[in-house]
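Residue-level structure breakdown
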Amino acid sequence: MTLVIHIINGPNLNLIGSREPQVYGSDYLLPFLENLKAEFTSFDIRIFQSNHEGELIDYIQTIIGDCDGIMINPAAFTHTSVAIRDALRLHRCPIIEVHLSDPKRREEFRHHSMIRDLVWSHIEGLGVEGYRVAMLRMAELVAK
Ligand code: DQA
């Protein structure tokens, strides 16, 4: 049976490639993730992005029962959203937190992650490549 991995991205990540390239790099995220699908063909990778907290929560709820792993970059909601945290707690599957930049090396308000204590693993500061590293780690986690 093909394992289903959801890659969930929060606000403004649709603009990665053109948004603050000095911080996030100039690679376009969405095409990069489409290529990941082609690279990891043994998984059913589903990609979702929204700028709206409620839509992210609806998606996280919708995939209950149809999910073997979650990779999530909640973007700015990382630092604020109890609601996204609560939604992720509805899942038993491995969850990996991904950030393009390293929030710990940026403004203090980015240092705290609302989800850090409930994720299996976190990857930061590697730009879009971090999603590939996360996918490799996810492959290990779901194989266990
Ligand atoms: C981010 C880091 C967040 O602090 C920021 O709000 C983002 C992107 C990252 O991937 O580096 O939008 O999650």
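Remember, it's a predicted structure, so these values are computed and weren't measured experimentally.

Contacts to the ligand come from Arg-19, Tyr-24, Asn-73, Ala-75, Ala-76, His-79, His-99, Leu-100, Ser-101, Arg-106 and Arg-110. The separation between an oxygen atom of the ligand and a polar main-chain atom of Ala-76 is 3.2 Å. One of the side-chain N or O atoms of His-99 is found 2.8 Å from an oxygen atom in the ligand. For the ligand, the accessible surface in isolation is 320 Å², of which the surrounding protein chains cover 99%. Of the residues assigned to the shell around the ligand, the class counts are four nonpolar, four polar and three charged.

Here the focus is the nonpolar core. Membership of the largest hydrophobic core comes to 25 residues, with the highest contact counts inside it found for Leu-36, Met-71, Ile-96, Tyr-131 and Met-135. Mapped onto this core, the elements with two or more residues apiece are strand E1 (3-9), helix H2 (29-39), strand E2 (43-49), strand E4 (95-99) and helix H5 (129-143). If you tally residues by element for this core, the top one is H5, at six residues. Aside from chain neighbours lying at most four places away, what touches Ile-96 is Ile-70, Met-71, Ile-72, Ser-121, Ile-123, Ala-134, Arg-137, Met-138 and Leu-141. Ile-72, Leu-88, Cys-93 and Ile-115 belong to the second largest nonpolar core, which has 19 residues in total.

Our focus in this paragraph is the state of the cysteines. With the rule as written, the count across this model stands at zero disulfides. The thiol of Cys-67 is not disulfide-bonded; the next cysteine sulfur, from Cys-93, is found 3.5 Å away. Among the residues examined, Cys-67 registers a relative accessible area of 15% and is labelled buried.

Here we take up unusual backbone geometry. Here Asn-12, not a glycine, exhibits a phi torsion of approximately 75 degrees, which is positive. For Asn-12, the position within the fold is in the loop between E1 and helix H1 (21-24). Since its relative accessible area comes to 36%, Asn-12 is described here as partly exposed. Non-glycine residue Glu-20 carries a positive phi angle of around 35 degrees. The residue Glu-20 is located in the loop between E1 and H1 in this model.

What follows is about the pairing of E4. Counting buried residues in E4 gives five out of five residues, a clear majority hidden from the surface. Of the two faces of E4, the one carrying Ile-95, Glu-97 and His-99 and the one carrying Ile-96 and Val-98 are both buried. Across four bridges, E4 lies against strand E5 (residues 121-124) in parallel orientation. Bridge pairing in E5 links Ile-96 to Ser-121.

Parameters at a glance
Residues numbered from 1 in each chain as written. Predicted model: local features only at pLDDT ≥ 70, side-chain atom pairs only at ≥ 80, totals over all residues. Heavy atoms only, no water. Near = heavy atom within 4 Å. Polar contact = N/O pair within 3.5 Å; in protein donor to acceptor, adjacent residues only side chain to side chain. Areas by Shrake-Rupley, 256 points an atom, 1.4 Å probe, with all protein chains shown as cover. Nonpolar A, V, L, I, M, F, W, Y, C, P; charged D, E, K, R; others polar. Core = buried A, V, L, I, M, F, W, Y, C linked by side-chain atoms within 4.5 Å. Buried < 20%, exposed > 50% of the residue type's maximum accessible area, 1.4 Å probe, protein only. Helix = DSSP H or I, 4+ residues; strand = E, 2+ residues; numbered from the N terminus. Contact = heavy atoms within 4.5 Å. Disulfide = S-S within 2.5 Å. Pairing = 2+ DSSP bridges.

Remember that the coordinates give geometry; whether it matters functionally is a separate question.
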